[in-house]
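Reading the structure
Given next are the chains, with one letter for each unit.
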Amino acid sequence: MVDVLVIGGGNAALCAALMAREAGASVLMLEASPKEWRGGNSQHTRNLRCMHDAPQDVLVDAYPEEEFWQDLLKVTGGETNEHLARLAIRASSTCRDWMRKHGVRFQPPLSGALHVARTNAFFMGGGKALVNAYYRSAEALGVKVRYDTPVAELILDGDRFVGAITEAGEKITAKTAVLAAGGFESNREWLRAAWGRNDRGEWPADNFLIRGTRFNQGVLLKYMMEAGADIIGDPSQGHCVAIDARAPLYDGGICTRIDCVSLGVVVNREGERFYDEGEDFWPKRYAIWGRLVAQQPGQIGYSIIDRKVIGRFMPPVFPGITAESLPELAEKLGLPVGTFMQTVNAYNAACQPGTFDHTTLDDCRTDGVSPPKTHWAQRIDKPPFYAYALRPGITFTYLSLKVDETAAVRFADRPSPNLFVAGEMMAGNVLGKGYTAGVGMSIGTAFGRIAGTQAAAAAARGEQQIRRQ
Amino acid sequence: MAVIDNLMDLAGKAERELDANVAEVDRILHICNACRYCESFCAVFSAMTRRLDFNVADAHYMANLCHNCSACLYACQYAPPHEFGVNLPKTLSRVRRDTYMEYAFPRAFGELYRQNGLAVAMAVSLGVALFLIATILSQGSLFIDGLEADFYAIFPHNVLAVTFGAAFGWSAIALAVGVSRFWRQVSEPGHSVLVPDAIGAAAKSALTLKYLGGGHGDGCNNEDDAFTLWRRRFHHLTFYGFMLCFASTSVATLYHYLWGVEAPYPVFSLPVLLGTAGGMGLIIGPAGLFWLSMRRNDMQIDERQKTMDRGFIALLFFISLTGLALLAWRESTWMPFLLAIHLGFVMGLFLTLPYGKFAHGIFRSAALLKHAIEKRKPNPVQAGSE
């Protein structure tokens, strides 16, 4: 029987496995996916939000604990646990040497990502390179990894973990376990139920795209809910971004982003604007636009720009729909031409003179149009015109198992002695809503490492007890 | 007429292949440009961020900038089995073959890249046969006693200088014409080459094989996602071994013409020391590269170029092996035989310099130079805020 069974195969699972192994425990990892799809959503990540008090290798200036905490407080609107949040924040300032030891490499901020140069450390090659490095290190240290091994249910004895039963029916026992098998974002029926039916009679989640893995079906999350574990969070909350409507259903990842939203206008299916596109820099706003689009009829939006801003935003993966005139563009998009033209004309008329600069919060704004556009408001008048259809793209869900600083799963507010949880399955303790770039990896790394350490210690304690008896 | 029709057909085929390969580069780089996770791996990605679309010239340029380290393949979230099927190293290596064919001079000789192992084998066979026959015709035998390592007793110095000078001169001209045409196509008009610090930076990248370091210095990929520095090390042994051999020949030429000191040179003379050291490099380097090539993951390469790669590696290996054998037994009756074999291999190399793997160094250096120049100019694409 192994000491620590890690269920999952992404960043948090790997951090747990590595820490447990380093603490001397024998470790078995069960990854649901085949090897080529290993790593869950971590294969699509690109950076880690890092607290630092002074410049550190790839990180410029400082990003102190308090500022990180305030950023988190702002995006979550207070839906967070300060104690756990600060724990993750502090851990982010010290974990990178350990990551490097296991082969993770960092790179200077990517071109076009200067807004996060101070706050986020980028993985060289992105998250899949990180995942590969961790697997290499884990295997070199003697961690056993089994792919294609989804777990269907657990065997619990009250609040004690006894074993796991795989989908193939195999029973695997271990002294302790770490659950790090992701949220339920890939489970379309569950998403449908969580988002429910809106006033228009639509099931909004039917129009969502999944930005990451298809393997996060939430099987263990559901199992633990039914087993009576303490749960936190709203199932409709998650990291939800507006992405290109033509993205694949799963694993579209970063490249399906549409970064021209703040440089033009966004209209819904009725041809009307619905939110201030220029409220702030896109990296600070992308995480609210998924929900904004989800609230529109048909869960679709259209980002409209003109020739002037081409080359001023990260190039999209698919070419835009183009037209030489705005009515022609509306027609191509299937929008009501009259309303669309009214919207754009009203917007154009409201644009105030200013000096356009897409690299600063410039003074180009509208006056007398609702909703306003507070920055980068330029008339849309220079053909050709471009349109990109937007859909909500869900990255991960926040419904979580409730934890304290030991990452132990809890039943009736009491910690399990040998069952721990990390990653998306508990990120909702810190992220009740909203998102800020790179914080998912900060939480996953911090609690993955805690869970691994705790699981190894619990296994060692169990050993001692047996010996005493 | 049939020959010309045939050549026209081949040219048409090459063009269709090139179009398809360029279209694939353009498709993949649109995905990469929207992702950019691999930016620090190598120069290909920094060249990419200066462009929004990728035409034939861009494809040739970026293909030759790529060193096939393959870090980006293993790091790619869109690599097969993802439906985007992104495999940049393989796609760029296909275009590199197009570059070699397209810019070969004369163009028709570019077709030798289609069956390059065969081309190299034929060149070596002809070279070896030629020198064996010439030895027998002039000496009556391949095994002669008492020559005391006097190579010029078999082939007078001037004969060798003229034969090899002509072959090398022709190859140098062909490569120069090819790379000039390449440079003109991939560069904007008025694009100056005379940027001293750019030349320095490009030379440094080439001579240190910077881009076989994977961006982090851990090396490149061979069998799987693990990094190795052995490809860079074996390539260094090969390249610097080759340069030492070249230096040995150059020094010997100076001895001969300037100081009138004629071969054979003693074991502890400069030409022999340089040649021996170079020869050792040219044994170990190619052997290591061959070993790595045998183990390289097929995902990383254009399988059609295996014979070119391995043919060239083998050619260098046997040049060195025969050269060292000649040194070892130069005092014996075997000397004429060993000399003919060695000269035959060297002739095989000289004849295929512009029509084999050797050309990769020339085009890659040009691409590195172009990159060093363009990097010193402001980026025309100002993507700014994400």
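Calculation rules
- Residues numbered from 1 in each chain as written.
- Chains lettered and ligands numbered in written order.
- Predicted model: local features only at pLDDT ≥ 70, side-chain atom pairs only at ≥ 80, totals over all residues.
- Helix = DSSP H or I, 4+ residues; strand = E, 2+ residues; numbered from the N terminus.
- Buried ≥ 20, exposed ≤ 12 C-beta atoms within 10 Å, placed from the backbone.
- Contact = placed C-beta atoms within 7 Å.
- Rg over C-alpha atoms; globule rule 2.2 N^0.38 Å.
- Core = buried A, V, L, I, M, F, W, Y, C linked by C-beta atoms within 7 Å.
- Pairing = 2+ DSSP bridges.
- Domains from an automatic or database assignment.
- Nonpolar A, V, L, I, M, F, W, Y, C, P; charged D, E, K, R; others polar.
- Axes fitted to C-alpha atoms, helices over the stretch in contact; angles between N-to-C directions.
- Parallel < 35°, antiparallel > 145°, perpendicular 65-115°, else oblique.
- Expected span 1.5 Å × (residues − 1).

**Notes on the overall build of chain B**
Summing up its helical and strand segments, chain B has 13 helices and two strands in all. Counting only C-alpha atoms, chain B reaches 80 × 55 × 40 Å along its principal axes. Counting across all 386 residues of chain B, residues that qualify as buried make up 45%. Across chain B, the fraction of contacts at a sequence separation of at least 24, relative to all contacts at a separation of at least 6, is 77%.

**A closer look at the overall build of chain A**
The number of helices and strands found in chain A is 11 helices and 19 strands. In terms of C-alpha radius of gyration, chain A reaches 23 Å, essentially the compact-globule figure of 23 Å for 469 residues. Projecting the C-alpha coordinates of chain A onto the three principal axes gives extents of approximately 85 × 50 × 35 Å. Taking all 469 residues of chain A together, 57% fall into the buried category. Nonlocal contacts in chain A, meaning residues at least 24 apart in sequence, comprise 75% of its contacts between residues at least 6 apart.

**Thoughts on the nonpolar core**
Counting residues in each nonpolar core, the largest one holds 252 residues, and the members touching the most others are Val4, Ala16, Val178 and Val421 of chain A. In terms of residue count, the dominant contributor to this core is helix 12 (residues 335–352) of chain B (13 residues). Excluding residues within four positions of it along the chain, alanine 16 of chain A makes contact with Val6, Val178, Ala180, Ala422, Gly448, Ala451, Gly452 and Ala455 of chain A.

**What about the sheet that holds strand 5 (residues 120–123) of chain A?**
All names here are of chain A. Spatially, three strands are ordered 3-5-4 in an open sheet, and the strand pairing comes out antiparallel. Of all strands in the sheet, those with a lone pairing partner are strand 3 (47–49) and strand 4 (106–107), marking the two edges. Pairing geometry for strand 3 and strand 5, over three bridges, is antiparallel. Of the residues in strand 5, the one forming a bridge with arginine 49 is asparagine 120.

**Details of the domain arrangement of chain B**
All names here are of chain B. Along its sequence, chain B is carved into domain 1 (2–102) and domain 2 (115–374). Relative to domain 2, the C-alpha centre of domain 1 lies at a distance of 27 Å. Counting only elements with at least two residues in the side of domain 1 that touches domain 2, the list comes to helix 2 (43–48), helix 3 (56–65), helix 4 (71–75) and helix 5 (88–102). A class-by-class count of the residues in the side of domain 1 that touches domain 2 yields 13 nonpolar, nine polar and four charged.

**Describing the interface of chain B and chain A**
Each partner contributes residues to the interface: chain B has 31 residues there, and chain A has 37 residues. Contributing elements (two or more residues each) for the side of chain B that touches chain A: helix 1 (2–35) and helix 4 of chain B. When residues in the side of chain B that touches chain A are grouped by element, the largest group, five residues, is from helix 1 of chain B.

**Looking at the pairing of strand 19 (residues 414–421) of chain A**
All names here are of chain A. In the sheet, strand 9 (residues 171–179) pairs with strand 19 via three bridges, with the strands oriented parallel. Across the sheet, residue leucine 179 finds its bridge partner in strand 19, namely valine 421. Hairpin connection, strand 18 (residues 408–411) to strand 19: the antiparallel pair is bridged by two residues, and alanine 412 has positive phi, about 45°.

**Points about the packing of helix 3 of chain B against helix 13 (residues 359–375) of chain B**
Residues and elements named next belong to chain B. Orientation of helix 3 relative to helix 13, taken along the N-to-C sense of each, is 105°, at an axis distance of 8 Å. In terms of axis orientation, helix 3 runs roughly perpendicular to helix 13. Facing helix 3, whose interface residues are Tyr61, Asn64 and Leu65, helix 13 presents Phe363, Arg364, Ala367, Leu368, Lys370 and His371. Of the residues belonging to the contact of helix 3 with helix 13, the class tally is five nonpolar, two polar and two charged.

**Some remarks on the packing of helix 7 (residues 157–186) of chain B against helix 12 of chain B**
The axes of two packed helices give the description: the angle between them and the distance between them. Residues and elements named next belong to chain B. Put simply, helix 7 and helix 12 touch, their axes get as near as 8 Å, and they point 25° apart. The orientation of helix 7 with respect to helix 12, classified from their angle, is roughly parallel. Along the contact surface, helix 7 presents Phe164, Ala167, Phe168 and Ser171, while helix 12 presents Met347, Phe350 and Leu351. Grouping the amino acids of the contact of helix 7 with helix 12 by side-chain chemistry returns six nonpolar, one polar and no charged.

**Regarding helix 5 of chain B**
Taking 1.5 Å of rise per residue, the 15 residues of helix 5 of chain B would be expected to cover 21 Å, and the 21 Å separating its terminal C-alpha atoms lies within 8% of that figure. Along helix 5 of chain B, 14 of the 15 residues are buried, which leaves the element largely enclosed by surrounding structure.

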